Amino acid sequence: MAQSAMAQMGAAMLSVHGRESAADIVNPVARGLLKAGVTPNVTTLVGTAATILVSVVLIPMDFLVLAAVLSAFFAAFDMVDGTMARLSGGGTAFGATLDASCDRITDGALFGAIAVWFVYVDGASPITVAVTLAVLVLSQVISYIKARGEAGGLTINGGLIERPERLIVAFIGLALEGVGVGHSLAAAMWLLLAGSLITVVQRFLLAARDERAHDRIAPPTGVA
């Protein structure tokens, strides 16, 4: 339990301090977009499209440093839509669903593009490609455990590798590989695989230990 609490605290500190340090830039941008009549949901969709384009075009073309820089920029830009929602009176259930879903799509595009780079550019071993695909799947599973648990009334926060940490490790791997530090991206994928497996276990444990873990839930619609 102590390790779990430390993981949650570390993740919370990264999230809070990261947002505080970016607030001076994000808040004016959010206000400007709102004054221009742009909605938070439109901002989410535009940012998602740009992020996907960067991943699926630049990474397979071997522009890894540029891909890392632009991906990091759009990952930071991802805070703008939430700030816009807050400044306009609060977000909506649909907006939160759209934002979370778009995060899953952009994660899939990023790790899918990295897998393509390993196959067609780097000529990496099959095990490296498999590890990357496993990271892609686990990144979705980590988020799904939290979403499904919270839909059932559980509280599931924290874990060793959440989305910010996952993106930071991937971007560093891309940048180092791009400047000639060999096997950096493969090392990043192995690190993410280990961390993601630990995080999946951590989140299942958090779900199992929640005080509402054994509450009865209604059967799915259509089930007698």
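Model, not experiment: these values are computed from the prediction.

### Some remarks on the overall build of the protein chain
Consideration 1: Summing up its helical and strand segments, the protein chain has seven helices and zero strands in all.
Consideration 2: The order of helices and strands in the protein chain, counted from the N terminus, is α-α-α-α-α-α-α.
Consideration 3: Split into buried and exposed, the 224 residues of the protein chain put 39% on the buried side.
Consideration 4: Long-range contacts, defined here as pairs at least 24 residues apart, represent 79% of the contacts in the protein chain between residues at least 6 apart.
Consideration 5: For the protein chain, the accessible area works out to roughly 12200 Å², and carbon and sulfur atoms hold 69% of it.

### Focus on the UniProt feature "transmembrane region" (unreviewed entry) in the protein chain
Consideration 1: Mapped onto the present numbering, the UniProt feature "transmembrane region" (unreviewed entry) falls on residues 46-77, 127-145, 166-182 and 188-206.
Consideration 2: Taken as a whole, residues 127-145 contains 100% helix and 0% strand, while its terminal C-alpha atoms sit 26 Å from one another.

### Section: the environment of leucine 206
Consideration 1: Among the structural elements, leucine 206 can be located in helix 7 (residues 184-209).
Consideration 2: Taking the C-alpha atoms as reference points, leucine 206 and threonine 155, separated by 51 residues in sequence, lie 7.7 Å from one another.

### Considerations on the UniProt feature "active site" (unreviewed entry) in the protein chain
Consideration 1: Taken from the UniProt record, the annotation "active site" (unreviewed entry) applies to Asp103.
Consideration 2: Mapped onto the secondary structure, aspartate 103 falls in helix 4 (residues 93-122).
Consideration 3: Given the relative accessible area of 11%, aspartate 103 is considered buried.
Consideration 4: For aspartate 103, the contacting residues outside a window of four places in its chain are Asp78 and Arg163.

### Some points on the nonpolar core
Consideration 1: Formed by 39 residues in total, the largest nonpolar core has its most connected members in Ile59, Leu110, Phe111, Ile114, Phe118, Leu174 and Met189.
Consideration 2: Broken down by secondary-structure element, the contributors of at least two residues to this core are helix 2 (40-58), helix 3 (64-87), helix 4, helix 5 (126-151), helix 6 (163-178) and helix 7.
Consideration 3: Sort the elements by how many residues they give to this core and helix 7 lands first, with nine residues.
Consideration 4: Residues within four places of isoleucine 114 in sequence aside, it is in contact with Ile59, Thr132, Leu174, Leu185 and Met189.

### Side note on the pattern of salt bridges
Consideration 1: Inspection of the entire model under this criterion finds seven salt bridges.
Consideration 2: Between aspartate 107 and arginine 104 there is a salt bridge, with its nearest N and O atoms 4.0 Å apart. Taken together, the residues aspartate 107 and arginine 104, both in helix 4 and three residues apart, mark about one turn of the helix.
Consideration 3: With relative accessibility at 1%, the residue aspartate 107 sits in the buried group.
Consideration 4: The salt bridge involving arginine 166 is made with aspartate 107; its shortest N-O contact spans 3.3 Å. In this pair, arginine 166 is assigned in helix 6 and aspartate 107 in helix 4, connecting sequence segments 59 residues apart.
Consideration 5: Residue class for arginine 166 comes out buried when judged on its relative accessible area of 1%.
Consideration 6: Each of Asp103, Arg104, Asp107, Arg163 and Arg166 takes part in one network of salt bridges that share partners.

### Section: a nonpolar patch on the surface
Consideration 1: A contiguous nonpolar patch, built from Val65, Val69, Ile168, Ile172, Leu176, Val179 and Val181 and spanning about 570 Å² of accessible area, is present on the exposed surface.
Consideration 2: Contributions of two or more residues to the nonpolar patch are made by helix 3 and helix 6.
Consideration 3: Mapping isoleucine 168 onto the fold places it in helix 6.

### Brief notes about the side chain of threonine 43
Consideration 1: For threonine 43, the position within the fold is in helix 2.
Consideration 2: Its relative accessible area of 6% is what places threonine 43 among the buried residues.

### Remarks on the side chain of asparagine 27
Consideration 1: Structurally, the position occupied by asparagine 27 is in helix 1 (residues 2-35).
Consideration 2: Not counting residues up to four positions away in its chain, the partners in contact with asparagine 27 are Thr83, Arg86 and Leu87.

### Some remarks on unusual backbone geometry
Consideration 1: Phi at aspartate 62 takes a positive value of approximately 75 degrees, unusual for a residue other than glycine.
Consideration 2: One can find aspartate 62 in the loop between helix 2 and helix 3.
Consideration 3: Given a relative accessible area of 40%, aspartate 62 falls into the partly exposed group.
Consideration 4: We note that histidine 183 has phi near 65 degrees; this positive angle belongs to a residue other than glycine.
Consideration 5: Take histidine 183: it is sitting in the loop between helix 6 and helix 7.

Each value, and the rule that gives it
Residues numbered from 1 in each chain as written. Predicted model: local features only at pLDDT ≥ 70, side-chain atom pairs only at ≥ 80, totals over all residues. Heavy atoms only, no water. Helix = DSSP H or I, 4+ residues; strand = E, 2+ residues; numbered from the N terminus. Buried < 20%, exposed > 50% of the residue type's maximum accessible area, 1.4 Å probe, protein only. Contact = heavy atoms within 4.5 Å. Areas by Shrake-Rupley, 256 points an atom, 1.4 Å probe, with all protein chains shown as cover. UniProt positions renumbered as here; feature names shortened; annotations may be inferred. Core = buried A, V, L, I, M, F, W, Y, C linked by side-chain atoms within 4.5 Å. Salt bridge = Lys/Arg side-chain N within 4 Å of Asp/Glu carboxyl O. Patch = residues over 30% accessible without salt bridge, like charges linked within 9 Å, V, L, I, M, F, W, Y side chains within 5 Å.

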